[in-house]
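# Structural characterization, general
Here is what each chain is made of, one letter per residue.
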Amino acid sequence: MNNRKPTEDVALGIRRRVFEHAMRNNGGYLSQACSAAEQLAWLYNEELNLGEPTLPMIPKPFAGVPSASNPEYHTGAGYNGPFEPQFDRLFIAPAHYALVAYATLIEVGRMAPEGLEMFNKDGSSVEMIGAEHSPGMEVHNGTLGIGLSTAAGLAYGRRLRGDTGRTWVFMSDGEVQEGQTWEAVQACAHHGIDNVCAIMDVNNQQCDGAMSSVMEVGDIRRKFIEFGAACVDVDGHDLGAIRDAVREPHDGKPLIILAHTNPFHTMPVLEERFPRLHYVRFKSEDERARFNHSIAADLGVEPIDYSH
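Residues numbered from 1 in each chain as written. Predicted model: local features only at pLDDT ≥ 70, side-chain atom pairs only at ≥ 80, totals over all residues. Heavy atoms only, no water.

### A word on the packing of helix α2 (residues 30-47) against helix α3 (residues 98-107)
Between α2 and α3, the shortest axis-to-axis distance is 10 Å and the interhelical angle comes to 40 degrees. Relative to α3, the element α2 lies oblique. Crossing of α2 over α3 shows right-handed handedness. Together, Gln32, Ala33, Leu40, Ala41 and Tyr44 of α2 and Val100, Ala101, Thr104 and Leu105 of α3 make up the contact between the two elements. The residue makeup of the contact of α2 with α3, split by class, is seven nonpolar, two polar and no charged. (Axes fitted to C-alpha atoms, helices over the stretch in contact; angles between N-to-C directions. Helix = DSSP H or I, 4+ residues; strand = E, 2+ residues; numbered from the N terminus. Parallel < 35°, antiparallel > 145°, perpendicular 65-115°, else oblique. Left-handed = near helix turned anticlockwise from the far one by under 90°. Contact = heavy atoms within 4.5 Å. Nonpolar A, V, L, I, M, F, W, Y, C, P; charged D, E, K, R; others polar.)

Here it is in structure tokens:
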């Protein structure tokens, strides 16, 4: 399914869908689309080796939690294809990027556009904060720091079974404030788990503001290397640099790509809100209209008619 269209077009399509959603719903995760669109577009459109989706293009309603009385339970990972030994697996560690992840699934033909209309609706599996039953999700990674650990454990098991597929993680920089992240890297290095790779959206902002105002984290590349990973710094909006980074040798080590990004890239009007960009809720109808026209012009689309 890869490369039905250029990855640059996929990234633009992601931003346009998230923008339209935010305008129609008086707010949304705009900055995550600004910073992460290239990374998720690259993963799905180029890098990941995935099979055909095994779930309906239009997501089913939430069908309940796993239990003996719910034998039809499934996770949302079927949108990434089947769990076969030759295919890659993907974990979206920061669950609040779900809107951007859903837009990505649509852009690469793994979910129908109608799925986004179910976003955050009662009874829907298309959760605002992605859960294990949400499209593209396999586990609930909302707690920062557990995504890399989960992936490391799976990658280790897959290696012991002889699977050839890799395990990928999409992360955010807030996760380096959690000790579990460093434990995961150290465990990978100790056990030689080199079939796990991660790309981290380093946009220097989080729920409570700028990273530096919440907890200073220092030179995270040096830390990753000291804990035993192979680690590369790249411009997260430069697809060529990302493509080069994945070729970094990492025998016996996990690979961590630090994708340094701008949380208002392609939507410069959002800088007015920096660093309070985690979730953009418009303060007035005038501001909503102004952002609508400004961002539409930057993305090359007509302003969104959200009057209905």
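### Overview of the side chain of Arg15
You can see Arg15 is positioned in helix α1 (residues 7-24). Those residues in contact with Arg15 that sit more than four places away from it in its chain are Ala33, Cys34, Ala37, Glu38, His237, His265, Thr266, Met267 and Leu299.

### Looking at the pairing of strand β2 (residues 89-92)
Of the two faces of β2, the one holding Arg89 and Phe91 and the one holding Leu90 and Ile92 are both buried throughout. Looking at chain direction, β2 and strand β3 (residues 167-172) are connected through four bridges and run parallel. Bridge pairing in β3 links Ile92 to Phe170. (Buried < 20%, exposed > 50% of the residue type's maximum accessible area, 1.4 Å probe, protein only. Pairing = 2+ DSSP bridges.)

### Some remarks on the packing of aromatic side chains
Scanning all chains against the criterion turns up eight aromatic pairs. On the numbers, 4.5 Å between centres and 40 degrees between planes, the contact of Trp182 with Phe224 is tilted. Taken together, the residues span a long stretch of sequence, with Trp182 in helix α5 (residues 179-191) and Phe224 in helix α7 (residues 220-226) at a distance of 42 residues. A relative accessible area of 0% places Phe224 in the buried class. When the centroid spacing of 5.2 Å and the interplanar angle of 40 degrees are considered together, the rings of Trp182 and Phe227 count as tilted. With a gap of 45 residues between them, Trp182 in helix α5 and Phe227 in the loop between α7 and β7 (230-235) connect regions that are remote in the sequence. When its relative accessible area of 30% is taken as the criterion, Phe227 is described as partly exposed. (Phe/Tyr/Trp six-rings, centres within 6.5 Å; stacked < 30°, edge-to-face > 60°.)

### What to know about the packing of α1 against α3
Close contact between α1 and α3 brings their axes to 9 Å; oriented N to C, the two are set at 125 degrees. When the axes of α1 and α3 are compared, the pair comes out oblique. The element α1 and its partner α3 pack so that their crossing is right-handed. Of the residues in α3, those in contact with Asp9, Val10, Gly13, Ile14, Arg17, Val18 and His21 of α1 are Leu99, Val100, Ala103, Thr104, Ile106 and Glu107. Its residues assigned to classes, the contact of α1 with α3 comprises seven nonpolar, three polar and three charged.

### Notes on unusual backbone geometry
Omega for the peptide link from Phe274 to Pro275 comes to 5 degrees, which places this bond in the cis form. The backbone of Asn120 sits at a positive phi, close to 60 degrees, despite the residue not being glycine. Turning to its location among the elements, Asn120 is positioned in the loop between α3 and α4 (146-161). On the basis of relative accessible area, Asn120 is assigned to the partly exposed category, the value being 45%. A positive phi angle is found at Thr266, which is not glycine, with a value near 75 degrees.

Keep in mind that these numbers describe shape and distance, not what the molecule does.
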